[in-house]
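A look at the structure
What follows is the residue order along each chain.
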Amino acid sequence: MALRTIRTIGDEILEKTCREVKQITPRISTLIEDMLETMYDAQGVGLAAPQVGVLKQIVVIDVSEQGDHPIVLINPEIMELSGEQTGQEGCLSVPGKAGIVTRANYCKVKAYNENMEEIIVEGEELLARAMQHEIDHLAGVLYVTKAEGELMNVVSDEEEA
C-alpha cells in the first residue's frame, strides 16, 4: 500500500466524469488499498478515486469512531434519498475550508464491493452525507458548488497544537 497525492480544488481532474469499473484487476485492488491508506492518513471519512487522480467510479468511506469499518463502493448508484440535514461539510480536496451544505438525511446506494459483489448500503446522517459527497466526486461535482454562503476557514488539529 502507498499514500497517494490528494488532488486539490483547481485540478481539472476533479471536474471530470469517472468511468465505470468493469472488473477487479490487481491495479484496481491496489488503488482501493492506497485510497483507504490515504484517507486514513489524511484523517478523512471519505475519498473518491478522482481525488487521487484516477477517473474510475470508486469511493471509500469510513465514518466509524475507530476508523475500522471501511466501505468500498464501486460504480455506486443512489437508489433513494429522503429527509434533510444541513451542516458543515469539508473535503480533503478543499483543504482548510468548510461550508454549510444541505443534503438528504437518508441515502440508499447500490454498488459493488471490492470483490465485485453487488451490495446495498443504507445510511443516515454522517454516512448519508459522506455517500452523497463522494458520489458527487464521481460526476465531477465538488461540495463548494452546493455550499450555502461563503466557505469558512477551518483550523486543523496540527495548527492548534
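The structure this text deals with has already been given above.
This one's a predicted model, so the numbers in the text were calculated from it and none came from an experiment.

Here's the deal with the overall build of the protein
Summing up its helical and strand segments, the protein has 3 helices and 8 strands in all. Helices (α) and strands (β) of the protein occur, in sequence order from the N terminus, as α-β-β-β-β-β-β-β-α-β-α. Expected size for 161 residues packed as a compact globule is a radius of gyration near 15 Å; at 15 Å, the protein falls within 12% of this value. Taking all 161 residues of the protein together, 42% fall into the buried category. For the protein, the proportion of contacts with a sequence separation of at least 24, taken over those separated by at least 6, is 65%. For the protein, the exposed surface amounts to about 8700 Å²; the carbon and sulfur share of it is 46%. When the 13 positive and 29 negative side-chain charges of the protein are each reduced to one mean point, those points stand 10 Å apart.

A look at the sheet that holds strand β2 (residues 58–61)
Judged by pairing direction, the sheet is antiparallel, and its 5 strands sit side by side in the order β1-β2-β3-β6-β7 without closing on themselves. The open sheet has two free edges, formed respectively by β1 (46–48) and β7 (118–124), since each of these has just one partner strand. On average, adjacent strands in this sheet sit at an angle of 35 degrees to one another, irrespective of strand direction. Direction of pairing for β2 relative to strand β3 (residues 71–82): antiparallel, over a ladder of 4 bridges. Looking at β3, one finds that I58 is bridged to I74. This element, helix α1 (residues 26–41), spans β1, β2 and β3 of the sheet and lies at about 35 degrees to β2. Contacting β1, β2, β3, β6 (106–112) and β7, helix α2 (residues 125–138) crosses the sheet at an angle of about 125 degrees to β7.

Things to note about a negative patch on the surface
Taken together, E80, E122, E124 and E125 make up a surface patch of like negative charges. Following the sequence through the fold, E122 ends up in strand β7.

Details of the nonpolar core
Ranked by internal contacts, the top residues of the largest apolar core, which has 18 residues, are V59, I61, L73, V109 and M131. The set of elements that each furnish at least two residues to this core consists of β2, β6 and α2. In terms of residues, this core owes the most to one element, α2, which gives 6 residues. Discounting residues that sit within four places of it in the chain, L73 has contacts with Q57, I58, V59, I61, V109, A111, Y112, I119, V121 and M131.

A word on the sheet that holds strand β8 (residues 148–153)
One open sheet holds the 3 strands; their spatial order is β4-β5-β8, and the pairing between them is antiparallel. Of all the strands in the sheet, the pair left with one neighbour each is β4 (85–90) and β8. Pairwise comparison of adjacent strand axes, ignoring direction, gives a mean angle of 30 degrees for this sheet. One ladder, built from 6 bridges, connects β4 with strand β5 (residues 97–103); its direction is antiparallel. Looking at the pairing, E89 lines up with G99 of β5. Running at roughly 60 degrees to β4, α2 makes contact with β4 and β5 of the sheet.

So, the layout of surface pockets
For the second largest pocket, the calculated volume is near 170 Å³. Here the residues of the lining of the second largest pocket are counted per class, giving 3 nonpolar, 2 polar and 4 charged.

Remarks on α2
When the terminal C-alpha atoms of α2 are compared, their 21 Å separation across 14 residues agrees well with the 20 Å that a helix rising 1.5 Å per residue should span. With respect to burial, α2 is a largely interior element, 12 of its 14 residues being buried. Among the residues making up α2, those that are buried are L127, A128, R129, A130, M131, Q132, H133, E134, I135, D136, H137 and L138. Following α2 by one or two positions, G140 adopts a phi angle in the positive range, close to 80 degrees.

The rules we used
- Residues numbered from 1 in each chain as written.
- Predicted model: local features only at pLDDT ≥ 70, side-chain atom pairs only at ≥ 80, totals over all residues.
- Heavy atoms only, no water.
- Helix = DSSP H or I, 4+ residues; strand = E, 2+ residues; numbered from the N terminus.
- Rg over C-alpha atoms; globule rule 2.2 N^0.38 Å.
- Buried < 20%, exposed > 50% of the residue type's maximum accessible area, 1.4 Å probe, protein only.
- Contact = heavy atoms within 4.5 Å.
- Areas by Shrake-Rupley, 256 points an atom, 1.4 Å probe, with all protein chains shown as cover.
- Lys, Arg positive; Asp, Glu negative; His and termini not counted.
- Charge placed at Lys NZ, Arg CZ, Asp CG, Glu CD.
- Pairing = 2+ DSSP bridges.
- Axes fitted to C-alpha atoms, helices over the stretch in contact; angles between N-to-C directions.
- Patch = residues over 30% accessible without salt bridge, like charges linked within 9 Å, V, L, I, M, F, W, Y side chains within 5 Å.
- Salt bridge = Lys/Arg side-chain N within 4 Å of Asp/Glu carboxyl O.
- Core = buried A, V, L, I, M, F, W, Y, C linked by side-chain atoms within 4.5 Å.
- 1 Å grid on protein atoms, 1.4 Å probe; cavity = no way out; pocket = protein on both sides within 12 Å on 5 of 7 lines; lining within 4 Å.
- Points joined across faces, edges and corners; volume = space filled by probe spheres on them.
- Nonpolar A, V, L, I, M, F, W, Y, C, P; charged D, E, K, R; others polar.
- Expected span 1.5 Å × (residues − 1).

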